[in-house]
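# Architecture and fold: a report
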Amino acid sequence: MSRMTLIENAHVVTVDPDGRELPAASVLIDGTRIVAVGDPPGTLPDDVTRIDGTGCVLTPGLINTHHHLYQWVTRGLAADHTLFQWLTTLYPIWAGIDETAVRTAALGGLTSLALSGCTTTTDHHYVFPAEGGDLLGAEIDAAATVGLRFHPTRGSMDLSEKDGGLPPDSVVQSIDEILTASADAVARWHDTSPDAMLRIALAPCSPFSVTTDLLRESAGLARELGVRMHTHLAESLDENTYCDEHFGCTPLQYMESVGWVGDDVWFAHGIEFDDDEIGRLAATSTGVAHCPTSNARLGNRICRTRDLVDAGVPVGLGVDGAASNESCRLLEEAHQAVLMARARGGPTALTTRTAIELATVGGARVLGREADTGSIEVGKLADLVLWDLTSVAHSGIEDPVAALVLGAIPPIAGSWVNGRPVVAGNQVLTVDAEEVAADVAAEHRRLIAKAG
Ligand SMILES: Nc1nc2[nH]c(O)nc2c(=O)[nH]1
């Protein structure tokens, strides 16, 4: 049987370095890779799988640079709170998570991501209760089931309330436990090969939930092991106040003082940077995961996306955790990125095409995968999404990119990850979505009951 799939007659938005868009074009997949883009190749095996892209737009698969999948089973709580109020309400509930909760939540979150065009996602898992079990293993298992390319991070918290942090004792670990588990996770799962479906990063949670020692030691370990580093930063005014009171500096100055800048580091949110700081992020190629919906849901300020992009900072998009973005649909973040940037900087502040770049090649750069994925080019991995623009929701919008970014999320005619079909006919092929939904509801009830 042929390993080839030919997607024909689609409007192809390549997001290549020249920003080429090819009307009524073809893309040929052979195994895990894209082998032709543009005109249909002359001769092909008889049994090549042919996909009709008429009326559809083909984009690179979207790349999600920040998530907390476990939160899928704790959605809709603390709905009108600030970040710190929201966290202190939810920590005691999160203290009850175990392998079943995390696997179920991850299946829910990953299914929703797949249906919003995501083919690669990271996850920031930072809650490890003492009796929780193998939580990173549970979500890695879920990602393999759904079939998305996965960059989970081994997160951590070691600064509880009694030592001046925000979280309670029930959700923090000791530095030794964290560093041992982090090294184990890298040894067990990190894959350095170019078509890797699984890569690990290290991710102490935030300035108000980890010690300075943990930040320093995690950076040392990550660099020794050759993995990336991730944390929340510059998300809220309360965090600014916390850093000022505890460290006498801004969140970024604090991170700089512990070695947390560089092309192997990306920060989630990155709202509260000043001009000088944006320059320093650019000079060090430190990345930012822009999470517009969550930022607005928690009432934080608007990220300086235009300034970050203009300065040359690597910027990707993130849905953030499901407890602060109950929707978690990645294409929606491209829409919100445009709206938020324009609310802040006027109608030209972010174009629809820049938003698609952030959602694809921008995310690939943030995760260190731009050589492999994020654009439709010969030789790149076959991570692709075919969006159906034929229904009443999009008919009559002549510019397919405007339809995609400004319109409703279109049905997905097909998506491929590493050349493997994951979505077809707007249904995820790898899981029973109704079963996942029922399991999520049951796990939510169980966790709430457990928290008492
Ligand atoms: N949006 C979020 N911000 C956070 N900061 C922190 O320490 N945890 C979180 C989180 O889960 N979401």
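An account of the accompanying structure is given in this report. Numbers given for residues are sequential positions, taken from 1 along each chain in its written order. Since the coordinates come from a predicted model, pLDDT governs what is reported: local features require at least 70, and pairs of side-chain atoms require 80 or more to be given and counted, while whole-chain, interface and lining totals use all residues. The basis for every side-chain value is the complete set of non-hydrogen atoms in the structure, without hydrogens or water.

## Focus on the nonpolar core
The tendency in soluble globular proteins is for nonpolar side chains to be buried as a group. Only buried Ala, Val, Leu, Ile, Met, Phe, Trp, Tyr and Cys residues count toward a nonpolar core, and they belong to the same one when joined by side-chain atoms within 4.5 Å. Partly exposed describes any residue whose relative accessible area lies between the buried limit of under 20% and the exposed limit of over 50%, with all areas from a 1.4 Å probe on protein chains only and scaled to the type maximum. In terms of nonpolar packing, the biggest core is built from 118 residues, with Trp94 and Phe273 touching the most fellow members. Discounting chain neighbours no more than four positions away, the residues touching Trp94 are Tyr70, Gln71, Thr74, Trp86, Leu87, Tyr126, Val127, Pro129 and Ala323. Within the second largest apolar cluster, 15 residues are counted, among which are Ile7, Ile29, Ile376 and Ala382. Contact definition: two residues touch when any of their heavy atoms are within 4.5 Å.

## A word on the site of the ligand
Nearness here has a simple test: a residue counts as near a molecule or strand if at least one of its heavy atoms is within 4 Å of that partner. Near the ligand lie 15 residues; those nearest to it are Gln71, Tyr126, Ser206, Glu235 and Asp320. At 3.5 Å from an oxygen atom of the ligand is found a side-chain nitrogen or oxygen belonging to His68. Accessible surface area values rest on a Shrake-Rupley calculation with a 1.4 Å probe, where residue burial reflects the displayed protein chains alone. Protein contacts shield 100% of the accessible area of the ligand, which totals 300 Å² for the unbound molecule. Of the pockets mapped on this structure, the ligand occupies the largest cavity. If one sorts the elements of the shell around the ligand by residue count, helix α1 (residues 83-94) sits on top with three residues. Polar contacts, as used here, are pairs of N or O atoms within 3.5 Å; protein pairs need one atom able to donate a hydrogen and one able to accept it. Residues neighboring in sequence count only if both atoms are side-chain atoms. Site definitions follow a grid-based scheme: protein atoms alone, a 1 Å grid, a 1.4 Å probe that fits but cannot get out for cavities, and for pockets an open set with protein on both sides within 12 Å along at least five of seven lines, plus lining residues having an atom within 4 Å of a point. If over half the atoms of a molecule are within 2 Å of the grid points of a cavity or pocket, the molecule is regarded as sitting in it. Secondary structure elements follow DSSP: runs of H or I no shorter than four residues count as helices, runs of E no shorter than two count as strands, and numbering proceeds from the N terminus.

## Considering the pairing of strand β2 (residues 21-30)
Here, a strand pair is defined by DSSP locating no fewer than two bridges between the strands. Strand direction decides the pairing type here: strand β1 (residues 4-13) and β2, joined by seven bridges, are antiparallel. Bridge pairing links Met4 to Asp30 in β2. As paired strands, β2 and strand β3 (residues 33-38) are joined by five bridges and run antiparallel to one another. When the sheet's bridge partners are listed, Ser26 is paired in β3 with Gly38. With antiparallel pairing between neighbouring strands as the criterion, β2 and β3 make up a hairpin whose turn holds two residues, including Gly31 at a positive phi of roughly 65°.

## Looking at the packing of aromatic side chains
Ring geometry is summarised as follows: Phe, Tyr and Trp rings, the Trp one being its six-membered ring, pair when their centres sit within 6.5 Å, and such pairs are stacked at plane angles under 30 degrees, edge-to-face over 60 and tilted between the two. For the structure shown, the criterion picks out nine aromatic pairs. Summarising the aromatic geometry, the rings of Tyr70 and Trp94 are spaced 5.2 Å apart at their centres and angled 85° between planes, so their arrangement reads as edge-to-face. Residue Tyr70 is located in the loop between β6 (62-64) and α1, and its partner Trp94 is located in helix α1; the two are separated by 24 residues in the primary sequence. For Trp94, a relative accessible area of 0% puts it in the buried group. Aromatic pair Tyr242 and Phe247: ring centres 6.1 Å apart, planes at 65°, arrangement edge-to-face. Using a relative accessible area of 27% as the deciding quantity, one classes Phe247 as partly exposed.

Bear in mind that shape data such as this cannot, by itself, settle questions of function.
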